[in-house]
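Inside the fold
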Amino acid sequence: MDDYPLLNLFWTMLWFFLWIMWLFLLFRVITDIFRSHDLSGWAKAGWLILALVLPYLGVLAYVIARGKSMSRRDVQEAKERDAAFKAYIRDAAATDGGTGGHRGNHVEDLSRLADLKDRGAITEDEYQRAKSKLLV
């Protein structure tokens, strides 16, 4: 360890960190290439070959050329996942389960309350009070 100065250790760790970051970006770009619906098959093949044959330049070119659409797809996918999750929760909560068949109204009321809270029409405190009244 005496023949390897602290500054060299710092530089080695920095380059290793940058290499790992680039690998994450490469995998992210490759998954975005396959996830993109607005690219044709030949365009996907071209971007993939560019990213694999000239990795640093290809990834940099892809991020520059398609970075905005990449973020739009991420936001759209997150919204779709959130909507699917909420639909699943509403569907699972709406099943009767032997409670007399009036459970669906509570689910709809809770859903409306959550929407009001998300829009900012009611505060968190008002939401909790109304929710506790509904669940009693």
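Higher on the page you've got the structure.
Notes on the structure follow. (Residues numbered from 1 in each chain as written. Predicted model: local features only at pLDDT ≥ 70, side-chain atom pairs only at ≥ 80, totals over all residues. Heavy atoms only, no water.)

With respect to the pattern of salt bridges
Counted by the stated rule, this structure contains 15 salt bridges. In this structure, D38 and R73 form a salt bridge, with 3.8 Å as the shortest nitrogen-oxygen distance. Note that D38 is positioned in the loop between helix 1 (6-35) and helix 2 (41-53) and R73 in helix 3 (residues 55-94), a separation of 35 residues in sequence. For R112, the salt bridge identified is with E108, shortest N-O distance 3.7 Å. One end of the pair, R112, and the other, E108, are both in helix 4 (residues 103-119), four residues apart, so they sit about a helical turn from each other. In this structure, a network of salt bridges that share partners links the residues R28, D32, R35, D38, R66, R73, D74, E77 and R81. (Salt bridge = Lys/Arg side-chain N within 4 Å of Asp/Glu carboxyl O. Helix = DSSP H or I, 4+ residues; strand = E, 2+ residues; numbered from the N terminus.)

Description of the side chain of D32
Counting through the fold element by element, D32 comes out in helix 1. Of the residues examined, D32 reaches a relative accessible area of 0% and is grouped as buried. At 2.9 Å, the side chain of D32 forms a polar contact with the side chain of R35. Each residue touching D32, except ones within four places of it in the same chain, is listed here: Y62, M70 and R73. (Buried < 20%, exposed > 50% of the residue type's maximum accessible area, 1.4 Å probe, protein only. Polar contact = N/O pair within 3.5 Å; in protein donor to acceptor, adjacent residues only side chain to side chain. Contact = heavy atoms within 4.5 Å.)

Topic: helix 2
Here helix 2 is 13 residues long and its end C-alpha atoms lie 18 Å apart, about the 18 Å a rise of 1.5 Å per residue gives. K44, W47, L48 and A51 are the residues of helix 2 that are buried. End-on view of helix 2: buried residues confined to an arc of 100°, all on one side of the axis. Residues W42, I49 and V53 are exposed on helix 2 and point more than 90 degrees away from its buried face. (Expected span 1.5 Å × (residues − 1). Arc of directions from axis to C-beta.)

Quick notes on a nonpolar patch on the surface
Residues L7, F10, W11, W15, F17, L18 and M21 make up a contiguous nonpolar surface patch of roughly 800 Å² in combined accessible area. By the secondary structure assignment, L18 is in helix 1. Classification of L18 by relative accessible area gives partly exposed; the value is 40%. (Patch = residues over 30% accessible without salt bridge, like charges linked within 9 Å, V, L, I, M, F, W, Y side chains within 5 Å. Areas by Shrake-Rupley, 256 points an atom, 1.4 Å probe, with all protein chains shown as cover.)

Looking at the environment of L26
Within the secondary structure layout, L26 lies in helix 1. Taking the relative accessible area as the measure of exposure, L26 reaches 9% and is therefore buried. Taking the C-alpha atoms as reference points, L26 and L52, 26 residues apart in sequence, are found 8.8 Å from one another. When neighbours within four sequence positions are excluded, L26 is seen to be in contact with A51 and V59.

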